[in-house]
Amino acid sequence: MKKATAIFLSVLTVAHFSSANSLEDRVNQLEQKVKQLEDRLNQLEGRPIIQNKQKESILLNENKPAVEYVLLEKKFHKGENKLYDRDDKILFVFNITSNFKKDVDVIYGNLIVYDKNGNELLVQPVKVYKPLDILKTNKIRPGETFRKTLEIIYEDDKPNLRYVKDASLNEIKVELKFNKVEFSDGSIEFLN
């Protein structure tokens, strides 16, 4: 049934486009029609529709970064030697704002710490998401700002970690570089 419908539409399309002005116009029109037919067939078969190469912007405002952040504080947490709290940690508390047009589940990237001379002290992969809350959604809404604590496990034998632990915020620069986002609708985007 699907093949018969596709063949019928193809014959109808060829007949319609035979009256087009030039060969180039007819080819362009046929390419557009074939793409539409492929999308319809994929939709009928339950397959995802392949997006055009020219994507619509995923950002609320092109002049702003995809994710904005403000470092509020750095603190140290001493582990209590319990099952769920064994490690000492350096904690960075941020306000994070999503500038995406749709709901986000997780944003991936790196937390990078530099000394005041610009030397890289450490790089820590991070996942930014909202914690599960029974009363509210854990999706990050478009334009929403929320508080997120990112942690680095502290090891006393590493001098760079000791420096980061003891330094004030005036003595270090903390940066978040995001590279991937998973949206709530299941789509994924890679960021520059």
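Residues numbered from 1 in each chain as written. Predicted model: local features only at pLDDT ≥ 70, side-chain atom pairs only at ≥ 80, totals over all residues. Heavy atoms only, no water.

Trainee: Just checking my understanding: could you explain the overall build of the chain for this structure?
Mentor: Within the chain, the secondary structure is distributed over three helices and seven strands. Reading the secondary structure of the chain in the N-to-C direction produces α-α-β-β-β-β-β-α-β-β. Burial status across the chain gives 30% buried among its 192 residues. Long-range pairs, those at least 24 residues apart, make up 61% of the contacts in the chain with a sequence separation of at least 6. (Helix = DSSP H or I, 4+ residues; strand = E, 2+ residues; numbered from the N terminus. Buried < 20%, exposed > 50% of the residue type's maximum accessible area, 1.4 Å probe, protein only. Contact = heavy atoms within 4.5 Å.)

Trainee: Looking at this model, I keep getting lost on the layout of surface pockets. Mind explaining?
Mentor: Unfilled space is identified by rolling a water-sized probe across the atoms. Space inside the second largest pocket adds up to approximately 200 Å³. Elements that contribute at least two residues to the lining of the second largest pocket include exactly β4 (120-128) and β5 (145-153). Per-element tally for the lining of the second largest pocket: the top contributor is β5, with six residues. When the residues that make up the lining of the second largest pocket are grouped by side-chain class, the tally is six nonpolar, two polar and three charged. (1 Å grid on protein atoms, 1.4 Å probe; cavity = no way out; pocket = protein on both sides within 12 Å on 5 of 7 lines; lining within 4 Å. Points joined across faces, edges and corners; volume = space filled by probe spheres on them. Nonpolar A, V, L, I, M, F, W, Y, C, P; charged D, E, K, R; others polar.)

Trainee: Explain the nonpolar core here, please?
Mentor: One broad rule of soluble globular proteins: the nonpolar side chains tend to lie buried together. Counting 31 residues, the largest nonpolar core has F92, F94, F100, I107, L111, V113 and L176 as the members making the most contacts within it. Element by element, the count of residues in this core is highest for strand β6 (residues 172-183), at six residues. Beyond its immediate chain neighbours, meaning those up to four positions away, V113 contacts F92, N119, E120, L121, L122, V164, I172, K173 and V174. (Core = buried A, V, L, I, M, F, W, Y, C linked by side-chain atoms within 4.5 Å.)

Trainee: Explain the sheet that holds β6 to me, please; I cannot follow it from the model alone.
Mentor: Two modes of strand pairing occur in sheets, parallel and antiparallel, and in both the strands are linked by backbone hydrogen bonds. Taking strand neighbours across the sheet as the criterion, the four strands line up as β4-β3-β6-β7 in an open arrangement whose pairing is antiparallel. In the strand order of this sheet, the two ends are held by β4 and β7 (188-190), each with one partner. Taken pair by pair, the neighbouring strands of this sheet meet at an average axis angle of 25°, ignoring direction. Pairing between β6 and β7: three bridges, direction antiparallel. (Pairing = 2+ DSSP bridges. Axes fitted to C-alpha atoms, helices over the stretch in contact; angles between N-to-C directions.)

Trainee: Looking at this structure, how should I read the environment of Y163?
Mentor: On the secondary structure map, Y163 appears in helix α3 (residues 159-166). Taking C-alpha positions, Y163 is 8.9 Å from D115, a pair spaced 48 residues apart along the chain. Excluding its chain neighbours within four sequence positions, the residues that come into contact with Y163 are D115, L121, E171 and I172.

Trainee: Explain the sheet that holds strand β2 (residues 89-98) to me, please; I cannot follow it from the model alone.
Mentor: Spatially, the three strands line up as an open sheet ordered β1-β2-β5, and their pairing is antiparallel. Edge strands, defined here as strands with exactly one partner in the open sheet, are β1 (67-77) and β5. Across the sheet, the axes of successive neighbouring strands diverge by a mean angle of 25°, strand direction being ignored. Inspection of the sheet shows β1 paired to β2 by ten bridges, in the antiparallel sense. Along β2, the bridge assignment pairs H77 with K89.

Trainee: What is the right way to read the pairing of β5 from this model?
Mentor: It is a general feature of regular strands that their side chains alternate between the two faces of the sheet. Burial along β5 is one-sided: F146, K148, L150 and I152 are buried, and none of T145, R147, T149, E151 and I153, which face the opposite way, are. As paired elements, β2 and β5 share nine bridges and run antiparallel to each other. Of the residues in β5, the one forming a bridge with N95 is R147.

Trainee: What is the right way to look at the environment of D166 in this model?
Mentor: Here D166 lies in helix α3. Look at D166 and you get exposed, because its relative accessible area is 56%. Residues D166 and K75, 91 residues apart in the sequence, show an inter-C-alpha distance of 9.5 Å. Sequence-distant contacts of D166, that is, excluding residues within four places in its chain, are made with K74 and E171. Looking at D166, its side chain comes within polar contact range of the side chain of K165, at 3.4 Å. (Polar contact = N/O pair within 3.5 Å; in protein donor to acceptor, adjacent residues only side chain to side chain.)

Function-wise, these values are silent; they only describe arrangement.
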